[in-house]
Structures are given as structure tokens and as C-alpha cells.
Amino acid sequence: MKTLRAILIGALLWVLIFVEWSIMIFTPILKDLGNWQHIIHSIVLIPIVLFGASYYYKSKDKVNGFLLGIIMLMTTMVFDAIVTVPLLTIPQGVGYIEFFFSMLGISFMIEFVAISGIYWIKKIR
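First things first, this report covers the structure right here in the doc. (Residues numbered from 1 in each chain as written. Predicted model: local features only at pLDDT ≥ 70, side-chain atom pairs only at ≥ 80, totals over all residues. Heavy atoms only, no water.)

**Structural notes on helix H6 (residues 103-124)**
- Its 22 residues place the ends of H6 31 Å apart at the C-alpha level, agreeing with the 32 Å of an ideal helix rising 1.5 Å per residue.
- Those residues of H6 that are buried are in contact with helix H1 (3-26), helix H3 (35-56), helix H4 (65-89) and helix H5 (96-100). (Helix = DSSP H or I, 4+ residues; strand = E, 2+ residues; numbered from the N terminus. Expected span 1.5 Å × (residues − 1). Contact = heavy atoms within 4.5 Å.)

Below, the structure written as C-alpha cells:
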């Protein structure tokens, strides 16, 4: 496994997800959608993770996609812990525990790893 490559792609995915969320929370039409934002994120997360997995597998590595998904997810979580939570969620009264262990957050994490794993099963294995 090319761990550094997986980490760098995970960092890129974090940037893409950060931009996606920023668009949703700052665009007048989208910022007041409430729970619809989570549905939109769940849908947009699919092509983002597919892009990351397909980009990783261009290196001809055949590592398990679920493992790849976990490494990319862990990278995004580190960036969330360093940037997103302290700068964006704590000022709104949402701390680390609420951010990382909410049911929605956990469902997004599962979706992230599952998308990468399914890509591996369908395209690589």
C-alpha cells in the first residue's frame, strides 16, 4: 500500500468536502435547508470519494478499498480536528464529541468507507 499517496488523496478529499460544505452554508438558497443539507452532502460525497479512490488506484496498487477508505477518512478527520472543529463548529457551540460522534457524522463516515470499498470490489478486485 502506498500510504503517503492515500493520505495525500485524503487531504485532497477533505479540501473538496470543505469547499462543498462552505458552499452549502454560505449560499443563501442552501444555507436554510436544515436537514436537506445532510442529504445533499450524502449525495455529493459519493462522487468525491469515487474520485479519490479512482485517483489512488491509478497507481496500479490493489490494496483493499475498505482499508483505503479508512486511511482517507482518518486523514479527513485529522484535518477536521485541526481546522473545522476549532474554527467553525466550536464557535457555534458544537464541540469535538458532538461533531465526531453524532449519528449523522458516523453515517457519513460509514458511507465514506463503504463507497471506497464498493469501488474496489467493482473495479479493482
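**Thoughts on the side chain of Glu-20**
- Along the chain, the position of Glu-20 falls in helix H1.
- Summary of buried charges: Glu-20 has no salt-bridge partner, and the nearest side chain of opposite charge, Lys-31, is 17 Å away.
- In this structure Glu-20 touches Ile-40, His-41, Val-44 and Ile-48, once residues within four positions along its chain are discounted. (Buried < 20%, exposed > 50% of the residue type's maximum accessible area, 1.4 Å probe, protein only. Lys, Arg positive; Asp, Glu negative; His and termini not counted. Salt bridge = Lys/Arg side-chain N within 4 Å of Asp/Glu carboxyl O.)

**Points about H4**
- Across its 25 residues, H4 extends only 30 Å between first and last C-alpha, which sits more than 12% below the 36 Å expected from 1.5 Å per residue.
- Remark: the principal bend of H4, roughly 50°, maps to Asp-80.
- Where H4 starts, the residue carrying a side-chain oxygen 2.7 Å from the main-chain nitrogen of Phe-66 turns out to be Asn-64. (Bend = angle between axes of the 7 residues up to and from the residue. Polar contact = N/O pair within 3.5 Å; in protein donor to acceptor, adjacent residues only side chain to side chain.)

**A look at the nonpolar core**
- Membership of the largest hydrophobic core comes to 25 residues, with the highest contact counts inside it found for Leu-13, Tyr-56, Tyr-57, Leu-68, Met-72, Leu-73 and Phe-112.
- Every element with two or more residues in this core is listed here: H1, H3, H4 and H6.
- Looking at this core element by element, the count peaks at seven residues for H6.
- Ignoring anything within four residues of it in the chain, the contact list for Leu-68 reads Met-1, Ala-6, Ala-53, Tyr-56, Tyr-57, Val-63 and Ser-116. (Core = buried A, V, L, I, M, F, W, Y, C linked by side-chain atoms within 4.5 Å.)

**Points about the side chain of His-41**
- Checked against the element boundaries, His-41 lands in helix H3.
- A relative accessible area of 4% means that His-41 is categorised as buried.
- Apart from the residues within four sequence positions on either side, His-41 is in contact with Ile-17, Glu-20, Trp-21, Met-24 and Phe-108.

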